[in-house]
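These are the residues of each chain, in order.
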Amino acid sequence: MTVTTLAERGDLSRAARDFMRTESGSAVLLLTAAVLALAWANLGSGYEDFWHTQVALTFGDTQLALDLRHWVNDGLMVLFFFSVGLEISREMVLGELRGIRALAAPTIAAVGGLTVPAILFLLFNGGGPAAGAWGIAISTDTAVVIGVLALVGPRCPDQLRVFLLALAIVDDIGAVAAIAIFYTDDVQVTSLVLSVVLFAALLGLRFAPFWRTPIYVFIGVVMWLAVLDSGVHPSVVGVVMGLLVNAYAPRMRDVMRAQVLGSSFLLDPSPERAMAAQAAVTEAVSPNERLQLRIQPWSSYVIVPLFVLANAGVVLTGETLAAAFTSPLTWGIIVGLTVGKLVGVTAGTWVALRTGLGRVPDTLRWGQLIGGAGLAGIGFTVALFVTELALDDEELVTDAKIGILTGSLLAAGIGWLIFRLAGERGGQCAPSGLPVLPPRPWRPPA
């Protein structure tokens, strides 16, 4: 069975199912962290003071000092972007983004979902002090979208999950590219050249006949320091390293070798044979999937909720709300996330299907696709991330965060409404392969 056929049927690889299960579970923690951040900022005290606490690492005469928020945003979030890079790499080699037809529809839909919100945002803010913050309105939060889809989606959401997962991955590529290109100020050429040399070293190691995690970790840390010093945001390091980690399907010779060495250990359970069997089992699975298994839970259950806790806190008073809802920045974000994503993703999907460049699973209907386009307006994690990069003025940051929270809530409501009105009409589940039972009553003829 070809990969295209799998995508058309809505079937997912085991790794992709594990990824989406983790993302769905993390959505609950992410939303909980957002509520805690809002409560801390409004009911408690010292929210901003805590996250501005300075923490320094000292190596002899060299010191790296950042506040807690920047350690989370510039340090821990690199692991989040690393897991994004791993997922992109794996899906392009083994999964839903393999093959032109499987890739075309979600790619064109994602391009529409990136372009239209940015245009709408600039209609509100072009020439103003927040014009450069258009990147806030373009991102889709994979974890929250998959989690909300499980709650409000159609009766048979599996095929729609496939489409939205592929769309969100392409969306992540666009958002990271925007961060790297448009949200970099001063560039230190020496540090940037060093990071390029280290990138070349990682690229060369990709073709080495072995995998040594300590080597990659060392190069990755030095590369992170170089990129951080260069002025380019270090999130790029995470994505690049994830893309360079090999992904491949288990090879039969490796599986047979693991079986032989495992049987050898059963016959003679010595430490040497145990180590050989363990190494064979490990090598039978690609480094990409091994790292994804280790990093994805930390990224989804710890790093992203911690990021939201550090960035989602905004003081909600009558004054700040009144200022926000008269601000073109807030309305640019709200309209971009709700109208822009809905129109852009729907139009991109229509173009892909109309021109024949791409296809979607046969069991999907337009009501479900439009509902998914509505949910794509839930922009949370990366939107907050871009806010911290694009805006310096505290009032504008507050307006932006209120816009993100409001727009994401409205996008979830719009998706729910579309599913209730049109998402179930004409939809059908993917065939399970089981025989269809005849209609009742199940009695032998007289």
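My aim in this report is to walk through the structure given alongside it, one point at a time. (Residues numbered from 1 in each chain as written. Predicted model: local features only at pLDDT ≥ 70, side-chain atom pairs only at ≥ 80, totals over all residues. Heavy atoms only, no water.)

1. Points about the packing of helix α15 (residues 328-355) against helix α16 (residues 366-375)
Relative orientation and spacing of two packed helices are given, respectively, by the angle between their axes and the distance between those axes.
Then, in step 1: Between α15 and α16, the least distance of the axes is 7 Å, while the angle of their chain directions is 140°. With respect to each other, α15 and α16 are oriented oblique. For α15 against α16, the interelement crossing comes out right-handed. In this structure, α15 contributes K341, L342, V345, T346, T349, W350 and L353 to the contact, and α16 contributes W366, L369, I370, A373 and G374.
Then, in step 2: Across the contact of α15 with α16, the residue classes tally to eight nonpolar, three polar and one charged. (Axes fitted to C-alpha atoms, helices over the stretch in contact; angles between N-to-C directions. Helix = DSSP H or I, 4+ residues; strand = E, 2+ residues; numbered from the N terminus. Parallel < 35°, antiparallel > 145°, perpendicular 65-115°, else oblique. Left-handed = near helix turned anticlockwise from the far one by under 90°. Contact = heavy atoms within 4.5 Å. Nonpolar A, V, L, I, M, F, W, Y, C, P; charged D, E, K, R; others polar.)

2. Side note on the side chain of T140
Then, in step 1: Mapped onto the elements, T140 comes out in the loop between α5 (100-125) and α6 (142-152).
Then, in step 2: For T140, the side chain forms a polar contact with the side chain of K341, separated by 3.2 Å.
Then, in step 3: If we ignore the near neighbours within four places in the chain, the residues touching T140 are V145, D171, D172, K341, A376 and I378. (Polar contact = N/O pair within 3.5 Å; in protein donor to acceptor, adjacent residues only side chain to side chain.)

3. Overview of the environment of A258
Then, in step 1: Along the polypeptide, A258 turns up in helix α11 (residues 252-267).
Then, in step 2: Along the chain, A258 and V281 lie 23 residues apart, while their C-alpha atoms are 5.2 Å from each other.
Then, in step 3: Setting aside chain neighbours within four positions, we find A258 in contact with A280 and V281.

4. Things to note about α16
In an α-helix, one turn spans 3.6 residues, which is why side chains three or four residues apart end up on the same side.
Then, in step 1: Counted residue by residue, α16 has eight buried out of ten residues, so it is predominantly covered.
Then, in step 2: Turning to α16, its buried residues are G367, Q368, L369, G371, G372, A373, G374 and L375. (Buried < 20%, exposed > 50% of the residue type's maximum accessible area, 1.4 Å probe, protein only.)

5. Points about the pattern of salt bridges
Then, in step 1: Considering all chains together, one arrives at three salt bridges under this definition.
Then, in step 2: We note a salt bridge from D171 to K341, for which the minimum N-O separation is 2.6 Å. Within this pair, whereas D171 is found in helix α7 (residues 158-182), its partner K341 is found in helix α15, the two being separated by 170 residues in sequence. Here D171 matches K341 in class, with each residue buried.
Then, in step 3: Among the salt bridges present, the one from K401 reaches E388, with a minimum N-O distance of 3.5 Å. Here E388 lies in helix α17 (residues 381-390) and K401 lies in helix α18 (residues 394-423), a separation of 13 residues in the sequence.
Then, in step 4: You can call K401 buried: its relative accessible area is 3%. (Salt bridge = Lys/Arg side-chain N within 4 Å of Asp/Glu carboxyl O.)

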